[in-house]
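Letter by letter, the chains look like this.
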Amino acid sequence: MSARNWVVAFLALLALGPLVLPEFHITLLNYIGLYALVALGLVLLTGVGGLTSFGQAAFVGIGAYTSAYLTTTEGLPDFVAWVGVSPWLTLPAAILLTVAVAAVLGLLTLRLSGHYLPLGTIAWGMSLYFLFGNVSFLGGHTGVSGIPAISLFGVELKDGRYFYYLIWLMVLAALWATQNLLDSREGRAIRALKGGAVMAEAMGVDTARSKLVIFLIAAAFAAVSGWLYAHLQRFVNPTPFGLHIGIEYLFMAVIGGAGHVWGALLGAGLITILKQWLQDLLPRIFGASGNFEIIVFGLLMIFVLHRARDGLWPVIRRLAPLRGARRKVESAGPLGRRTKPAAGSVVLEVKDAVKKFGGLTANNHMSLSVRAGEILALIGPNGAGKSTLFNLITGVDPPTAGEVHFLGGRVDGLASREIARRGMSRTFQHVRLLATMSVLENVAIGAHLRGGGGVMAAALRLERAEEGRLLAEAARQIERVGLAEHVFDAAGSLALGQQRTVEIARALAADPSLLLLDEPAAGLRYLEKQALAELLGRLRDEGMGILLVEHDMDFVMGLADRVVVMEFGEKIAEGLPEEVQGNPDVIEAYLGGVD
Amino acid sequence: MDLQIALLLSQDGIVNGAIYALLALALVLVFAVTRVIFIPQGEFVAFGALTLAGFQAGKVPGTLWLLIGLGAAIAIVEVVIAMRSGALRRLTSALGWNLGYPAVAAAVVFLGEPVSWPLFVQVVLALAMVVPLGPMVYRLAYQPLLSASVLVLLIVSVAVHLTLVGLGLLFFGAEGSRTPAFSEASFEIGGVVVTGQTLWVVGASAVLIVVLYLFFERSLWGKALRATAINRTGARLMGISSTQAGKLSFVLAAAIGALSGILIAPITTVYYDTGFLIGLKGFVAAIVGGLASYPIAAAGAILVGLLESFSSFWASAFKEVIVFTLIIPVLVWRSLTTRHVEEEE
Amino acid sequence: MEQPVILEVEDLSVGYGKVEALHHVSLKVRAGEIVTVIGPNGAGKTTLLSAIMGLLPIGAGTVGFLGSTPREIEVERMVAMGMTLVPEKRELFGEMSVEDNLQLGAFMRRRLGHRDEAATMGEVYSIFPRLKERRDQLAGTLSGGERQMLAVGRALMAKPKLLMLDEPSLGLAPLIVREIFHVLARLRKSGVAILLVEQNARAALQLADCGYVLETGEIALAGPSSELRDNPRVVESYLGFGGKH
């Protein structure tokens, strides 16, 4: 079956559900829908973006309490009272307030790496929970009751059977929007967060912004879930918004398959049903004395993670393989190109750059310049500080002292995405591709700054024209470097040499004025090297400035216009290839014997 | 508030802070060595206290069954692995430890009469029952996931926590226990009564911290653990196995947890699920220390303890909120001092 | 008389995911012999050493060490048998003192019951007196050359039968490279087998007894160093500037 057929079958079953299922199962499905919404946010946040949150239940709580408070409290001041008239007005209010709280928390904590964030979320998850229970206007631990039902086209959704459709409509809309978002320019930036942040920044992605975006989306999904919950139950108290429930949401996402949108649905379904089933079954076997379901539940979770670390969705996908995905890049009009500097003008100038790491001086008073339409080769033994110089020029690591000028402006100290924006693009010595993404998508990240489609537009598929142009541009660059037949292959499945070539295509997709290549020929075979040399020659003739770090002498000497030689972080020679080759210092550095 | 109350609150805060400090040290240790965020730490606190309480009440503590059960489970796993790989050599020692040790423990509990033994022996026996659970849990839950991501390890930690809480309820029941104080002595200092138990807690914590310091600075295994924490690949190249280091760190964490439980059992009533909140406060302290620095984590723990006791006086309903929001400014400070782009593992 | 074979790699293939990084590599190192593997960056030299050491799972082929061929190669077991690796990144314990780093080098020997750590440390200090001067300093504060000395010294603490080094000359001044290569020459006399991966092909071929040229994951050439030094292909690719020198 094709993916489309699977989805259609699923939707049909979903629509038929309330017509045939007993009350109890409808209730269960309603809860699965509510949980799936939250878990979906976690898939985006944790599975895709790599940011772990235990605090989603608290966001659900803010959503639920906002609507509960606004619709039940008498005598609110006029400027808010009108919101409480209908749950349809409190929905945006719930989302807005939750997102606002999330924005504050996100700005405070998202900049932290890996494991601080989950611990931080435990902290605010606990705090918000205790607040719900201790603030008197929210009813303390007794909660808020008498919340009105939602009306839709004049029908009060008091019956779970009707509410079911509202819940699942919301879930499906969220699924659709998330899927769309991930398959877009913004989505590629989000998918680069986990394991590719340095690369993404070098391609102009504002990773801090991308993190905040998914954090806010996850919070908004949680808020919608909370709003639905409040009006389904028509009563709220703090219990379902505590840390333990926050942990459970994370369970759902991880067990379902945190990297996959459908994993959220699977996880929410499995865990809800499993818990229900354990609560039913175990007391019958062991008697009601102990809390057996939690023991069995915990053990099952451990077992599943031992067997399937990436969750169950990938396992299911393997069992039911899909036929033919889209295998063609549609042709589309060109993207705008930047005005290039005049041939022969200085593009890059490094003046007296110094970089120290603790006691090590990696770069010592390095100076060099690159002109438009010129290939400058930077050579030197491994460990001479060439890659350090690259990182310093491209803003990955700011210099300790000295200046870097690019196209007339000073760029040292700028973030690498700012430097990328000005027209500098690079490759990395240690290939930084996103292994599971296709070559096409990897290269399209290079063109990130040439598009402007936002998150909302992407979620609603309003930026498809631009997206088509971006992908077409990426495909063009892939063809240019000679990898046309690998466009749809996962980048990680290519040979190392080819992966380096993909890096070049990605850099070219940015339409740069200056290209920095860190050992592009390493791992290439003879013919591939010749093809690469030809490509670089062509780019030079088109007026591109190229700074090339390379080890392969043959490659460099046949290609470069000028050569700078480094040793121990310093420049020891500079000149035409023939001059450098005859320089005794260079011979000593490169060929120095041991005797 | 007068000075006397302030001193009293400080005393409470320091006692709790000393316990949080121990737990924070264990958490930092386990995380640095294994990348596991050890959420079940709190269960070891509860198990330590409740096992001792069990002995004192003349009951057979449930931890014995846990010890036997986990030992048997490991034995089964080891046999299956050994049969698959054909390497039966190492099996004897694995079986000896995992079946033999629990058997000896059972013999001591059933043949002896722990209720009549002196407190000190009961404490040692309780530790002997609870501490081996640490490496056993590591063997079963974490060792097969040596190369898994921090997220997966974290989720497993939560699952282990849930399982142990469930087992705690099963073994110890829903009622809490409180054990008699180690010392009935009390002193009056500046108008404030300082109990012997307070001195015990603070003194034992201090001694334990010094012992741990010496272990990490002087002993080969202590250095090996630090080496693994600093550079895992480098440590493996020295022949320090990541699993061995992991197990050892779990031994230490379990010992610290159980001992903490035993120390606080005379001060507060311990329930089967008390550990979680205590463990979380250890976390707050560990975060203050950045999950890396032991002395700062210890200082953070004292701060958490003091904050807790003072806020319980001023705004007791918001005690937990205040303690847990302490993390936020610390995180902000950290975010301002960390570099802007970092590669996630 | 031929010395016994210490390391025998046969038909070794290693892959990352679907990509094969090494294809059917075979090589042999005897006691008291220095064997070098040279080749361009990205050819798979580091992968080769990591696979032999057990840091990477091997796809196919065998690694024989001291006459036995373990089915599963575990780092700890290889260390216990007398294999050590000085990795390209050094992998020192930066926040520990020089002396603690050295002591940990003898970790496995201590566990196996040997009690000659102090004597070995004395030997290491006599080989690298600079380390003795810096014994209480944290490894992270050492200069590049001192770090490499410490990495080699730490490996020697294990009294290895096979010493593998990944680009020991990386980023070091010629004087220090010379010093380290002299140490290797001395170790060879004492019967240690040495497998040396180097980008500095000239220096490596001067020191080594025989060599292998690794290109895109395959052994392209092999033979005694003296032959490789004269081989026109090696001269062109690794020993001179495009053969013009």
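Residues numbered from 1 in each chain as written. Chains lettered and ligands numbered in written order. Predicted model: local features only at pLDDT ≥ 70, side-chain atom pairs only at ≥ 80, totals over all residues. Heavy atoms only, no water.

Caption draft 1: Representation of the environment of N291(A) in the model. Tracing the chain through its elements places N291(A) in the loop between helix 12 (261-286) and helix 13 (292-307). Residues N291(A) and Q279(A), twelve residues apart in the sequence, show an inter-C-alpha distance of 9.0 Å. (Helix = DSSP H or I, 4+ residues; strand = E, 2+ residues; numbered from the N terminus.)

Caption draft 2: Inspection of the interface of chain B and chain A at higher detail. Opposite the 49 residues of chain B that make contact, chain A presents 52 residues. Here chain B meets chain A over a buried area of about 4,600 Å², counting both sides, of which 76% is carbon and sulfur. For the pair chain B and chain A, the number of links is zero salt bridges. For the pair chain B and chain A, the interface holds four residue pairs in polar contact (both at pLDDT 80 or more). Elements with a contribution of two residues or more to the side of chain B that touches chain A: helix 6 (133-142), helix 7 (150-172), helix 12 (275-288), helix 14 (319-325) and helix 15 (327-337) of chain B. With 15 residues, helix 7 of chain B is the single largest residue contributor to the side of chain B that touches chain A. Here the side of chain B that touches chain A is composed, by residue class, of 35 nonpolar, eight polar and six charged. (Contact = heavy atoms within 4.5 Å. Buried area = accessible area lost by both parts, 1.4 Å probe. Salt bridge = Lys/Arg side-chain N within 4 Å of Asp/Glu carboxyl O. Polar contact = N/O pair within 3.5 Å; in protein donor to acceptor, adjacent residues only side chain to side chain. Nonpolar A, V, L, I, M, F, W, Y, C, P; charged D, E, K, R; others polar.)

Caption draft 3: Up close: the confidence of the model for chain B. All names here are of chain B. Residues with a pLDDT of 70 or more make up 95% of chain B, whose mean pLDDT is 86. Low pLDDT, under 50, characterises residues 339-345; the predicted model gives this stretch 20 contacts beyond four residues in sequence or across chains. On the interface metric, ipTM, the complex scores 0.92, and its pTM is 0.86. (pLDDT = per-residue confidence, 0-100.)

Caption draft 4: Looking closely at the sheet that holds strand 6 (residues 162-166) of chain C. All names here are of chain C. Taken in spatial order, the six strands line up as 5-6-7-3-8-9 in an open sheet, and their pairing is mixed. The open sheet is flanked by strand 5 (83-86) and strand 9 (218-224), the only strands paired with a single partner. Neighbour to neighbour, the strand axes of the sheet diverge by 15° on average, direction disregarded. Sheet analysis places strand 8 (residues 210-215) next to strand 9, joined by six bridges and oriented antiparallel. Across the sheet, the residue bridging to G211 is G223, located in strand 9. Where helix 7 (residues 144-156) meets the sheet, its contacts fall on strand 5 and strand 6, and the angle it forms with strand 5 comes to roughly 175°. Contacts from helix 8 (residues 174-189) reach strand 3 (34-38), strand 6 and strand 7 (193-198), with the element oriented near 155° to strand 7. (Pairing = 2+ DSSP bridges. Axes fitted to C-alpha atoms, helices over the stretch in contact; angles between N-to-C directions.)

Caption draft 5: Here's a closer look at the sheet that holds strand 14 (residues 570-575) of chain A. Residues and elements named next belong to chain A. If you trace the six strands from one edge of the open sheet to the other, you get 10-11-12-7-13-14, paired in mixed fashion. Edge positions in the open sheet fall to strand 10 (424-426) and strand 14, since each of these has one partner strand only. Taken over all neighbouring pairs, the strand axes of this sheet differ in orientation by 20° on average, direction set aside. With four bridges joining them, strand 7 (residues 375-379) and strand 13 (residues 562-567) adopt parallel strand pairing. Across the sheet, L378 pairs through a bridge with V564, a residue of strand 13.

Caption draft 6: Local environment of the nonpolar core. Counting 204 residues, the largest nonpolar core has V236(A), F251(A) and Y142(B) as its most contacted members. I478(A), V481(A), A505(A) and I546(A) belong to the second largest nonpolar core, which has 48 residues in total. (Core = buried A, V, L, I, M, F, W, Y, C linked by side-chain atoms within 4.5 Å. Buried < 20%, exposed > 50% of the residue type's maximum accessible area, 1.4 Å probe, protein only.)

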